[in-house]
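# Structure at a glance
One letter stands for each residue in the lines below.
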Amino acid sequence: MPMDPSQWIDVVEDKFNYNLEHFVIPDHYKDDVQSILIPHGLIMDRIAKLAQIITSQYGNERVVVCCVLKGGHQFFSDLVNYMKKALNSQGKTLPMTLDFIRVKSYENDKSTGNVHISMTEKELQELKGKNLLLVEDIIDTGNTMKKLLETLSKYELKSVKVASLLLKKTPLSCGYVPDYVGFAVPDLFVVGYCLDYNDIFRDLDHICAISEVGKKKYSV
C-alpha cells in the first residue's frame, strides 16, 4: 500500500537550509550551490527506514528492483543494500533481482516533455508477470514517470511500484505521487547525491539547491 503523506519528511526551505560552511563541500562547487537542504547523514538514515517499509510490504515472491538511470543509481545502490538486511511480510529476507533503465527528459533545468526509454521491446516483454519496483531519484512534474508507467502497463506485469527519494512540491505537478517517498522538497532545482544538472554535481554527497552561478556555469 502507498505511503501516507504524513510518513514523508517535508523539507521546508526556511528550516532545512544549512550553511555551506557547516559541512564538507568540494572546492570546485563552493560558488555553485546556495545551500544544503538535506545532509548526507540524514539521507542515509531515511533510506534505511524506506527499505524497512518497502520490504515489509512484499511477500516471498521475487521482486525486480529497477534503477532509473542516471540520477537514481546512488539511491538505488543504498536502498538495495538496506533492503538486503530488511524482512518481508513473512519475516524473511526478500528475493530480488536488479535491473536498470535509462529515462531522459531534462535539458538544463527544464523538462523537455519527451521521454526516451532505453529498454528494448524484448527486455520489456520479459517483465510480464513480475513484481517491479522502480527506483527514482526525484519526481518533479511527474510527467516522465507517468509516461513510463503508461508504457509499462502494456506488458502485463504483476505489480509495479515506485520509490522516489524526493518528491518536488511544484505547481507544475501533474498530480502523480509515487508509492514511496523519502522527502518532499521545495520547488527548487536540487543537485547532489547523484542528482545532476547537465551531468554535473553527481559527485556531491549532500542534496543542495543550485545557485544562479552554477546554472550559468554548467548550462548547455
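To be clear, the structure that these remarks concern was listed above.
In this report, the structure presented in the accompanying data block is examined.

The rules behind these values
- Residues numbered from 1 in each chain as written.
- Predicted model: local features only at pLDDT ≥ 70, side-chain atom pairs only at ≥ 80, totals over all residues.
- Heavy atoms only, no water.
- Salt bridge = Lys/Arg side-chain N within 4 Å of Asp/Glu carboxyl O.
- Helix = DSSP H or I, 4+ residues; strand = E, 2+ residues; numbered from the N terminus.
- Buried < 20%, exposed > 50% of the residue type's maximum accessible area, 1.4 Å probe, protein only.
- Expected span 1.5 Å × (residues − 1).
- Lys, Arg positive; Asp, Glu negative; His and termini not counted.
- Contact = heavy atoms within 4.5 Å.
- Phe/Tyr/Trp six-rings, centres within 6.5 Å; stacked < 30°, edge-to-face > 60°.
- Lys NZ or Arg CZ within 6 Å of the ring centre and 35° of its normal.

So, on to the pattern of salt bridges. Evaluated as defined, the whole model comprises nine salt bridges. The shortest N-O distance in the salt bridge between lysine 217 and aspartate 32 comes to 3.0 Å. Placement of lysine 217 in helix H5 (residues 212-218) and of aspartate 32 in the loop between strand S1 (9-10) and strand S2 (33-38) is noted, with a sequence separation of 185 residues between them. Here lysine 217 falls in the partly exposed class, since its relative accessible area comes to 47%. Look at the salt bridges and you will find they share partners, linking Asp196, Asp199 and Arg202 into a network.

For an α-helix, 3.6 residues make a turn, and residues three or four places apart therefore share a direction. Compared with the 24 Å implied by 1.5 Å per residue over 17 residues, the 25 Å span of helix H1 (residues 40-56) between its first and last C-alpha is a close match. Here H1 has its buried residues at Ile43, Met44, Arg46, Ile47, Leu50, Ala51, Ile53, Ile54 and Thr55.

Quick look at the side chain of glutamate 136 now. Along the chain, the position of glutamate 136 falls in strand S6 (residues 131-139). Buried and unpaired, glutamate 136 has arginine 202 as its nearest opposite-charge partner, separated by 8.9 Å. With sequence-adjacent residues up to four places away left out, glutamate 136 is seen in contact with Val68, Phe75, Met145, Ala163, Ser164 and Leu165.

Moving on: the packing of aromatic side chains. All chains considered together, the criterion is met by five aromatic pairs. With a centroid separation of 5.7 Å and an interplanar angle of 80°, the aromatic rings of tyrosine 18 and phenylalanine 23 are classed as edge-to-face. A network of ring pairs unites the aromatic residues Tyr29, Phe201 and Tyr218 as a single cluster. Taking NZ or CZ as reference, lysine 161 lies 4.7 Å from the ring centre of tyrosine 58, over its face.

Turning next to unusual backbone geometry. One non-glycine residue, asparagine 198, adopts positive backbone phi at about 50°. Positive phi is not limited to glycine here, since phenylalanine 201 has a value of about 85°. Inspection of the secondary structure puts phenylalanine 201 in the loop between strand S9 (190-191) and strand S10 (207-210). Classification of phenylalanine 201 as buried rests on a relative accessible area of 0%.

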